[in-house]
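A structural walkthrough
As a plain string of letters, each chain reads:
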Number of protein chains: 2
Amino acid sequence: MAPVTLKDVAKVAGVSYATVSRALSGSPEISEDTRCRILKLCKEMGYTPNSIARSMVKRRTDIIGLIVPSLNNPFMSELTGQLEIYARNRGYNLMVCCSSYDHDLEKEVFALLVGRQVDGIIMIPGGNEIYESLSSLTSQVPTVFISDNLQDYPENYVCVDNFRGTQIATEYLYSLGHRDILYFGARQKSKTHKHRLEGYLATCEKLGLEPHVLPSSYSRSSREVGYTMAGDYFSKKNRETAILCAADMLAIGVMQAAFDAGIRIPRDISLMGFDNISFSALPQIDLTTINQPTQQMAIAAVDMLLDRIKNPEAEHARLILPPSLVERKSCRSIAK
Amino acid sequence: MAPVTLKDVAKVAGVSYATVSRALSGSPEISEDTRCRILKLCKEMGYTPNSIARSMVKRRTDIIGLIVPSLNNPFMSELTGQLEIYARNRGYNLMVCCSSYDHDLEKEVFALLVGRQVDGIIMIPGGNEIYESLSSLTSQVPTVFISDNLQDYPENYVCVDNFRGTQIATEYLYSLGHRDILYFGARQKSKTHKHRLEGYLATCEKLGLEPHVLPSSYSRSSREVGYTMAGDYFSKKNRETAILCAADMLAIGVMQAAFDAGIRIPRDISLMGFDNISFSALPQIDLTTINQPTQQMAIAAVDMLLDRIKNPEAEHARLILPPSLVERKSCRSIAK
DNA sequence: TAAAATTACGTGAACGTTTACAGAGCCATT
DNA sequence: AATGGCTCTGTAAACGTTCACGTAATTTTA
């Protein structure tokens, strides 16, 4: 518990503390002998550099703030894990804050992190209210968003190509012979979901399919929402042979409703999701879905942020990563 | 991007910077007028206190380090989320590091966090190698473990009562009429698993049941392990009517193997897990299990750590929280 | 009304680093 | 032998706070 400082080491070594600092920082302005001697002494004395003091003078902390809506959501917690590992490999630590999908909290923890002098912030917005506060937040500190909602704003962000995702999904279902595909759970307010819907609609048009859309009036894409909506849907006669859900969680709810209604997947109807959350890989679920490249997103977000930190005056960057098909057991090929 | 400091505010206000500091810290040694005037000015000028500088002189950072094996595991990411929220409510931020179940990394990030001058560390060990390094780590900074492996060491920890958990589970299965209960996936090296096994064995003895144990030679309790082990098990004739798994993930693997073998749960055999991870609540899984009180554990760990920070010389604390039964659909009552 | 107590504020040191600058010692060049 | 240029090390200021101390102005007390 006794904090041994540069000065302590310097005193024992019989040099000034600037010399010790030089020995540790790898400065060339020091002879090899003294460097070795000092380094050895540091070890012996159990010296640990105080990064607070260093931050004080260097005017940077090597800390990245992360604002994430929730760590209960597997997609976000996995992303968080990736971000932490990659950031640490690049010499940065992560200060994590959960916003609980609450925009006031988002602003509050943003200010908190700024006060903590983080070098930059990676933010996964929890909703759409973020637009109002965008510039007042990002003017304070370099910020990168992980979100598909920001095309029209001068901000840095990385996201997955949602349009392309539903395009891939629709084409896949088409290739299996499906001609009546229901797009399930289109949320109105989210731009992410708008792009997914558009990918579906555009592909329908390209393939000459008639689009069927079941919009969601809910503000989140939970299993419960999927279950409720699908219960309604299955209670009537329908001609669709496949359902493309706007999110995996919805699809899992749909699965349950299908089970309750005695409808078998994929025998009676094919089902696809979007996100590839870890749940979906469970054999009991085994959902064919569109993968978001979590690791790539994490790496890209950190890289982008560090670029912005190094060069804050640079143009805003955007990176849109390609999604990919994950083929599992929830879709089947049907006769034409 | 222009950092406005105490001095700037002081200059504009025409007072010394000590006065500004007093106005902000709520010191009584200042008149109400000047305080209001300064506070208003701070707002106008967009002043944010620099917590680095404050940490420098106060010799504390109000930061807690968290070392967690992985954020892919839902149990741990949920725990992390709870820790963050509660710690923030108590005025602390969380610096999170993933150890990837690697003990060398555990030691490395511990040192990193110490260098960052965190006020304390909450550590969820990823394995058993932790024993070797225990005292050399915890002598550096107040530390609280979340782990059931530390009864024999003078450390602070909180955990769930694993013995009680399997006791509850065994009694529950007994109450449903089961007399032949297999304990599935007992890991040898983990003390957590040792306690779970002991709870089962003790309860068998108490109830006059003959224990059946299927040990696991694997070092982790994954779905794949459960699937493989259960495949073997189901390929032979067995008399057990219920399986109690040492972890939910194992049970999910068992479910899959049962499905492959044409064995229906709970009709043909009852199945229980331990942990209550979020997967288990999915209707497609619907696993009866033993809950670990994540939120209570998080709150207790933070409270305990802050106690230790305030009073480092105090006796080591241990808190063992009660688990609880979560009744779902994977067990059935059988005729006696 | 003088002494004592109180209030409100300023002064300056401290926290543990980094770094610009200066300077000492040595060797090579003219 | 004087000058210049190295190489190495020391000095001191700075980063933005907090806080112990000092002190002037004001109020209270005897």
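Everything that follows concerns the structure shown earlier in this document.
Residues numbered from 1 in each chain as written. Chains lettered and ligands numbered in written order. Predicted model: local features only at pLDDT ≥ 70, side-chain atom pairs only at ≥ 80, totals over all residues. Heavy atoms only, no water.

1. As for the interface of chain B and chain A
A common way to report how large an interface is uses the accessible area buried once the components associate. What counts, and what does not: Contacts were defined at the residue level, with two residues in contact if any of their heavy atoms lie within 4.5 Å. The term buried area refers to how much accessible surface (probe radius 1.4 Å) is lost by two components on association, counted for both of them together. One side-chain nitrogen of Lys or Arg within 4 Å of one carboxyl oxygen of Asp or Glu is enough to make a salt bridge. We call two N or O atoms a polar contact when they sit within 3.5 Å, provided that within protein one can donate a hydrogen and the other can accept it, with sequence-adjacent residues counted only if both atoms are side-chain atoms. Under the scheme used here, helices are H or I runs from DSSP no shorter than 4 residues and strands are E runs no shorter than 2 residues, and both carry numbers assigned from the N terminus. Just so you know the grouping, Ala, Val, Leu, Ile, Met, Phe, Trp, Tyr, Cys and Pro go in nonpolar, Asp, Glu, Lys and Arg go in charged, and all remaining residues, Gly too, go in polar. Note on pairing: DSSP must find at least two bridges between two strands before they are called paired.
Listed as interface residues are 52 residues of chain B and, on the opposing side, 53 residues of chain A. Across the chain B/chain A interface, buried area totals approximately 4,400 Å², and carbon plus sulfur atoms make up 61% of it. Joining chain B to chain A, the criterion identifies zero salt bridges. Put simply, chain B and chain A have 20 residue pairs in polar contact (both at pLDDT 80 or more) between them. Going through the elements one at a time, helix 4 (51–58), helix 5 (74–89), strand 2 (93–98), helix 6 (103–115) and helix 11 (248–260) of chain B are the ones with two or more residues in the side of chain B that touches chain A. Of all the elements, helix 5 of chain B adds the most residues to the side of chain B that touches chain A, at seven residues. Across the side of chain B that touches chain A, the residue classes break down as 26 nonpolar, 19 polar and seven charged. Alignment of strand 2 (residues 93–98) of chain A against strand 2 of chain B, held across three bridges, turns out to be antiparallel. Paired with Val96(A) across the strands is Leu94(B), a residue of strand 2 of chain B.

2. Some points on the packing of helix 10 (residues 223–234) of chain B against helix 11 of chain B
All names here are of chain B. As a reminder of what qualifies: Inter-axis angles, ranging from 0 to 180 degrees, are taken between N-to-C directions of lines fitted to C-alpha atoms, where helices are fitted over the stretch in contact. For classification purposes, an angle smaller than 35 degrees is called roughly parallel, one larger than 145 roughly antiparallel, one from 65 to 115 roughly perpendicular, and anything else oblique. Handedness of each helix crossing follows the sense of rotation of the near helix against the far helix: counterclockwise by less than a right angle gives left-handed, clockwise gives right-handed.
The N-to-C vectors of helix 10 and helix 11 enclose an angle of 45°; their axes lie 7 Å apart at closest approach. In terms of their interaxial angle, helix 10 and helix 11 are classed as oblique. With respect to the hand of their crossing, helix 10 and helix 11 are arranged in right-handed fashion. Touching Arg-223, Val-225, Gly-226, Tyr-227, Ala-230, Gly-231 and Phe-234 of helix 10 are Met-249, Leu-250, Ile-252, Gly-253, Val-254, Gln-256, Ala-257, Ala-258 and Asp-260, all from helix 11. Here the residues of the contact of helix 10 with helix 11 sort into 10 nonpolar, four polar and two charged.

3. Quick notes on a nonpolar patch on the surface
Let me state the cut-off plainly: Like-charged residues within 9 Å of one another, or nonpolar side chains (Val, Leu, Ile, Met, Phe, Trp, Tyr) within 5 Å, are grouped into patches, provided each residue has over 30% relative accessible area and no salt bridge. The protein chains shown are the only cover counted for residues, whose accessible areas, like all others here, come from Shrake-Rupley with a 1.4 Å probe.
Together, Met56(A), Val57(A), Met56(B) and Val57(B) give the surface a local cluster of nonpolar side chains, amounting to about 390 Å² of exposed area. Secondary-structure assignment places Met56(B) in helix 4.

4. Observations regarding the pairing of strand 7 (residues 212–216) of chain B
The two faces of the sheet receive side chains in turn, since in a regular strand these alternate between them. Residues and elements named next belong to chain B. Note the threshold: Handedness is read with the strands pointing away from the viewer; a crossover is right-handed when the path from the first strand over the helix to the second is clockwise.
Examined bridge by bridge, strand 6 (residues 181–187) and strand 7 share five bridges and lie parallel to one another. Looking across to strand 7, one finds that Phe-184 is bridged to Leu-214. For the handedness criterion, the β-α-β arrangement of strand 6, helix 9 (residues 191–207) and strand 7 is classed as right-handed.

5. Quick notes on the nonpolar core
Note the cut-off: Residues enter a nonpolar core if they are buried and are Ala, Val, Leu, Ile, Met, Phe, Trp, Tyr or Cys, with the set joined through side-chain atoms within 4.5 Å. Each residue is assigned to one of three classes by its accessible area relative to the maximum for its type, calculated with a 1.4 Å probe on protein chains only: buried under 20%, partly exposed between the two thresholds, exposed over 50%.
With 142 residues, the main nonpolar core has Leu83(A), Ile122(A), Ile243(A), Leu83(B), Ile122(B) and Ile243(B) as its most contacted residues. One finds Cys97(A), Phe110(A), Val114(B) and Tyr131(B) within the second-largest nonpolar core, a separate group that totals 42 residues.

6. Structural notes on the pairing of strand 1 (residues 63–68) of chain A
Residues and elements named next belong to chain A. Within strand 1, six of the six residues are buried, which leaves it mostly tucked inside the rest of the structure. The alternating pattern of strand 1 places Ile-63, Gly-65 and Ile-67 on one face and Ile-64, Leu-66 and Val-68 on the opposite face, and all of these are buried. When strand 1 meets strand 2, the two strands line up parallel, connected through six bridges. Bridge pairing links Ile-67 to Cys-97 in strand 2. Read from strand 1 through helix 5 (residues 74–89) to strand 2, the crossover connection turns out right-handed. Sheet analysis places strand 1 next to strand 3 (residues 120–123), joined by four bridges and oriented parallel. In the strand pairing of strand 3, Ile-67 is matched with Met-123.

7. Describing the sheet that holds strand 6 of chain B
Residues and elements named next belong to chain B. Taken in spatial order, the four strands make up an open sheet running 7-6-8-9, and their pairing is parallel. Either end of the sheet is taken by a strand with one partner, and the two such strands are strand 7 and strand 9 (270–272). The mean angle between the axes of side-by-side strands here comes to 20°, regardless of whether they run parallel or antiparallel. In the sheet, strand 8 (residues 242–245) pairs with strand 9 via three bridges, with the strands oriented parallel. Along strand 9, the bridge assignment pairs Leu-244 with Met-272. Where helix 9 meets the sheet, its contacts fall on strand 6, strand 7 and strand 8, and the angle it forms with strand 6 comes to roughly 160°.

8. Regarding the relation of the copies chain B and chain A
Which entries qualify depends on this criterion: Superposition of the copies was done by least squares, using only C-alpha atoms of residues whose pLDDT is at least 70 in both.
In screw terms, the move from chain B to chain A is a rotation of 180° and a rise of 0.0 Å along the axis, fitting with an RMSD of 0.1 Å. Within this description, the copies of the chain are treated as partners about a two-fold rotation axis. No C-alpha of chain B approaches the rotation axis more nearly than that of Met95(B), which lies at 2.3 Å. Of the residues that chain B buries at the interface, 100% are likewise interface residues in chain A, meaning the two copies contact each other through the same surface.

9. Here's the deal with the protein's contact with DNA strand D
The test is simple: Each residue is tested against the molecule or strand, and it is near if at least one of its non-hydrogen atoms lies within 4 Å.
Taken together, 26 residues are adjacent to DNA strand D, and Thr19(A), Glu29(A), Arg59(A), Leu6(B) and Ser21(B) come closest. Backbone atoms, meaning sugar and phosphate, make up 64% of the atoms of DNA strand D lying within 4 Å of the protein. Here a base nitrogen of DNA strand D sits 2.8 Å away from a polar atom, N or O, in the side chain of Arg22(A). In the model, a phosphate oxygen of DNA strand D is placed 2.7 Å from a nitrogen or oxygen of the Arg59(A) side chain. Residue composition of the surface near DNA strand D, by class: 12 nonpolar, nine polar and five charged.

10. A short note on the sheet that holds strand 9 (residues 270–272) of chain A
Residue and element names in this part refer to chain A. Judged by pairing direction, the sheet is parallel, and its four strands sit side by side in the order 7-6-8-9 without closing on themselves. With partners counted over all chains shown, the strands left at the sheet margins are strand 7 (212–216) and strand 9, one partner each. Here the strands of the sheet are splayed against their neighbours by 20° on average, with no regard to which way each runs. Packing against the sheet, helix 8 (residues 162–175) makes contact with strand 6 (181–187), strand 8 (242–245) and strand 9, and its axis sits at approximately 170° to strand 8.

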